[in-house]
Amino acid sequence: FVGGIGPRTALVTLTLYALLPVIRTTVSGLRSIDRAVIEAGVALGMTPRQLLFMVQLPLAVPSIVAGVRIATVIGVGTATIAAAIGAGGLGDLIFRGLSMVDPIAILAGAVPAAALALVADGALALLERRLKTGRLPVTTTAPAAVAALALLAALAWPVYASATGDRVVVGSKNFTEQVMLGELVAQAIEAEGLQASRQLNLGGTFICDRALRAGEVDVYVEYTGTAVTAVFHQPVSHDPQQAFERARELYASAGITTLDPLGFNNTFAVLIRSDVARAMNLKSIDDLRRVAGRWTPGFGHEFLQRDDGYPGLVRTYDLHFGSEPRAMDVSLIYKALADRQVDVIAGDATSAQIAVLGLTALEDTRRYFPPYDAVPLVRTAALLQHPEIGRALARLSGKISEQDMRAMNAAVDIEHRDPAAVAREFLKTLTK
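What you are looking at is a predicted structure, and each value in this text was computed from that prediction instead of being measured.

1. Details of the overall build of the protein
- Assigned secondary structure in the protein consists of 19 helices and 10 strands.
- For the protein, buried positions account for 46% of its 432 residues.
- Long-range contacts, defined as pairs at least 24 residues apart, comprise 74% of the intrachain contacts of the protein with a sequence gap of at least 6.
- As displayed, the protein has an accessible area near 20700 Å², and 60% of this comes from carbon and sulfur atoms.

Structure (structure tokens):
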């Protein structure tokens, strides 16, 4: 009822989150009623129930509305985070802007959200003021509340209904390449005559994995090294074919089919600024030992926790940085490095921002990072129900090179083009 992805989980969570201010102000409103008024009601022979509904609650309505006002403003701001679990809304624009480092997209989501919060706050403040002055009869608030709830349900139902139904749900993680891959998969499936529902920009590997296992997502693209090490916590071979076979074997036991690789390996790249690399003659991760004591690293939240991430990296290369790593969204670490807020990061080898921001990848001389071949994961039940999924993804198998992926990432990150349009153009090249 509470877990999973989509609008239902967001609505339930936001409702629970809103209870505290509403309950607190309701209790405060009831306690602030003059005891003489309550005693007068008792003297008139009112039962406790009559006293509550005919005297106490009507007098506490202004305080209750104040609590609803606080909960509404908090809820509008918090609701944008729900985009991380595929609930849609203005948060989609904010997360897309973060992944594309596009301030315009961020503002396109943040400004309307702020305006909505201000409008709701103003309207409820006016209602609260009129209730306190007696210019609005308390008896009119119940029908108004019912009408507001009905309007909310009418607005929420199409969003919830669109996330369900007989269609293939395509998911992705929360960075540009994953959004692009999600669009490619969705459009390839639609070309086979199936409807595809997009749940893109989900929070990360573990949210996508859980959604796939729970049947809330039917397909998303994962990376072999990530699957074996981060998801299943197993050692992984540095041979790409063996890593793929191991990932397919592990997923098969969970009712998930691993299809053939798409054609590119997006390994982690340890990055520093190119001018620093030249000035200090830093060419490999081993060379970092000379400067690590004076440097501040910056990594994505997931990289800091993964088995194939930061803990193993510093252990393998015996690195001792001068300060604890700064944790931030993976889409922000490239700009943070270029702006000298951090000195070294771990990014994606296919990121277009490496060349644009003047960054250099250090050589992984100890072969710490395993292969990360992109492979589509499909729920076996969905694949059996819709064989078209297999045909659609077979069109992509082995067809996306590292250069292709880097070019698509650049089109979105640097040129700020729509991922759907970029995916459409690439799929057209496959049919020629």
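2. A closer look at the sheet that holds strand E8 (residues 344-348)
- Taking strand neighbours across the sheet as the criterion, the five strands line up as E7-E6-E8-E5-E9 in an open arrangement whose pairing is mixed. Both outer strands of the open sheet, strand E7 (326-328) and strand E9 (359-362), are each paired with one neighbouring strand and no more. Neighbour to neighbour, the strand axes of the sheet diverge by 40° on average, direction disregarded.
- Pairing between strand E6 (residues 297-300) and E8: two bridges, direction parallel. Directly across from Gly-298, in E8, lies its bridge partner Ile-345.

3. So, helix H10 (residues 240-252)
- Given a rise of 1.5 Å per residue, 13 residues ought to cover 18 Å, and the 18 Å separating the end C-alpha atoms of H10 matches this to within 8%.
- Inspection of H10 places Ala-243, Phe-244, Ala-247, Leu-250 and Tyr-251 among the buried residues, and these make up the whole buried set. All buried residues of H10 fall inside an arc of 130° around its axis, so they share one side.
- Residues of H10 that are buried in the fold lie against helix H8 (205-213), strand E3 (219-223), helix H9 (224-231), strand E4 (256-258) and strand E10 (374-379).

4. Re empty space enclosed by the protein
- With the rule as written, the count across this model stands at two cavities of 30 Å³ or more.
- Considering only enclosed or pocket space, the largest cavity measures out at about 110 Å³ in volume.
- Lining the largest cavity we find 14 residues, and of these Phe-175, Thr-176, Asp-348, Ser-351 and Asp-413 sit closest to its centre.
- Going through the elements one at a time, helix H7 (176-190) and helix H18 (402-413) are the ones with two or more residues in the lining of the largest cavity.
- Tallied by class, residues from the lining of the largest cavity come to four nonpolar, seven polar and three charged.

5. Regarding the packing of aromatic side chains
- Applying the stated criterion to the full structure yields eight aromatic pairs.
- Look at Phe-268 and Phe-369: their rings are 5.5 Å apart centre to centre, the planes differ by 45°, and that puts the pair in the tilted class. With Phe-268 in strand E5 (residues 268-273) and Phe-369 in the loop between E9 and E10, this pair connects stretches of sequence that are 101 residues apart. Across the pair, Phe-369 and Phe-268 agree in class, each one buried.

6. Thoughts on the packing of helix H2 (residues 35-43) against helix H3 (residues 48-79)
- Between H2 and H3, the shortest axis-to-axis distance is 11 Å and the interhelical angle comes to 160°. If you check the angle between H2 and H3, you find them roughly antiparallel. Classified by chirality, the crossing of H3 by H2 is right-handed. Here Val-37, Ile-38, Gly-41 and Val-42 of H2 come into contact with H3, specifically with Leu-51, Val-55, Gln-56 and Leu-59.
- For the contact of H2 with H3, the residue count by class is six nonpolar, two polar and no charged.

7. Examining the packing of H7 against helix H19 (residues 419-431)
- Look at H7 against H19: their axes get within 9 Å of each other, and the N-to-C directions meet at 55°. For the element pair H7 / H19, the angle class is oblique. Of the two elements, H7 crosses H19, and the hand of that crossing is right-handed. Here Val-179, Met-180, Glu-183, Leu-184, Gln-187 and Ala-188 of H7 come into contact with H19, specifically with Pro-419, Ala-420, Val-422, Ala-423, Arg-424, Phe-426 and Leu-427.
- For the contact of H7 with H19, a count of residues per class yields 10 nonpolar, one polar and two charged.

8. Considerations on the pairing of E10
- The buried fraction of E10 amounts to five of the six residues, a majority that puts the element mostly inside the structure.
- Of the strand pairs in this sheet, E3 and E10 are connected by five bridges, and their pairing is antiparallel. Within E10, the position partnered with Tyr-220 by the bridge is Leu-377.
- Bridge count between E4 and E10: three bridges; the pairing is antiparallel. Bridge assignment links Ile-256 to a residue of E10, and that residue is Arg-379.

9. A closer look at the pattern of salt bridges
- Evaluated as defined, the whole model comprises 17 salt bridges.
- Note that Arg-198 and Glu-183 form a salt bridge whose closest N and O atoms lie 2.9 Å from each other. With a gap of 15 residues between them, Arg-198 in strand E2 (residues 196-199) and Glu-183 in helix H7 connect regions that are remote in the sequence.
- Here Arg-340 and Asp-275 are joined by a salt bridge, their closest N and O atoms 2.9 Å apart. Placement of the pair is Arg-340 in the loop between helix H14 (333-338) and E8 and Asp-275 in helix H11 (residues 274-279), with a sequence separation of 65 residues.
- You can call Arg-340 exposed: its relative accessible area is 52%.
- The structure contains a network of salt bridges with shared partners spanning Glu-183, Glu-190 and Arg-198.

Each value, and the rule that gives it
- Residues numbered from 1 in each chain as written.
- Predicted model: local features only at pLDDT ≥ 70, side-chain atom pairs only at ≥ 80, totals over all residues.
- Heavy atoms only, no water.
- Helix = DSSP H or I, 4+ residues; strand = E, 2+ residues; numbered from the N terminus.
- Buried < 20%, exposed > 50% of the residue type's maximum accessible area, 1.4 Å probe, protein only.
- Contact = heavy atoms within 4.5 Å.
- Areas by Shrake-Rupley, 256 points an atom, 1.4 Å probe, with all protein chains shown as cover.
- Pairing = 2+ DSSP bridges.
- Axes fitted to C-alpha atoms, helices over the stretch in contact; angles between N-to-C directions.
- Expected span 1.5 Å × (residues − 1).
- Arc of directions from axis to C-beta.
- 1 Å grid on protein atoms, 1.4 Å probe; cavity = no way out; pocket = protein on both sides within 12 Å on 5 of 7 lines; lining within 4 Å.
- Points joined across faces, edges and corners; volume = space filled by probe spheres on them.
- Nonpolar A, V, L, I, M, F, W, Y, C, P; charged D, E, K, R; others polar.
- Phe/Tyr/Trp six-rings, centres within 6.5 Å; stacked < 30°, edge-to-face > 60°.
- Parallel < 35°, antiparallel > 145°, perpendicular 65-115°, else oblique.
- Left-handed = near helix turned anticlockwise from the far one by under 90°.
- Salt bridge = Lys/Arg side-chain N within 4 Å of Asp/Glu carboxyl O.

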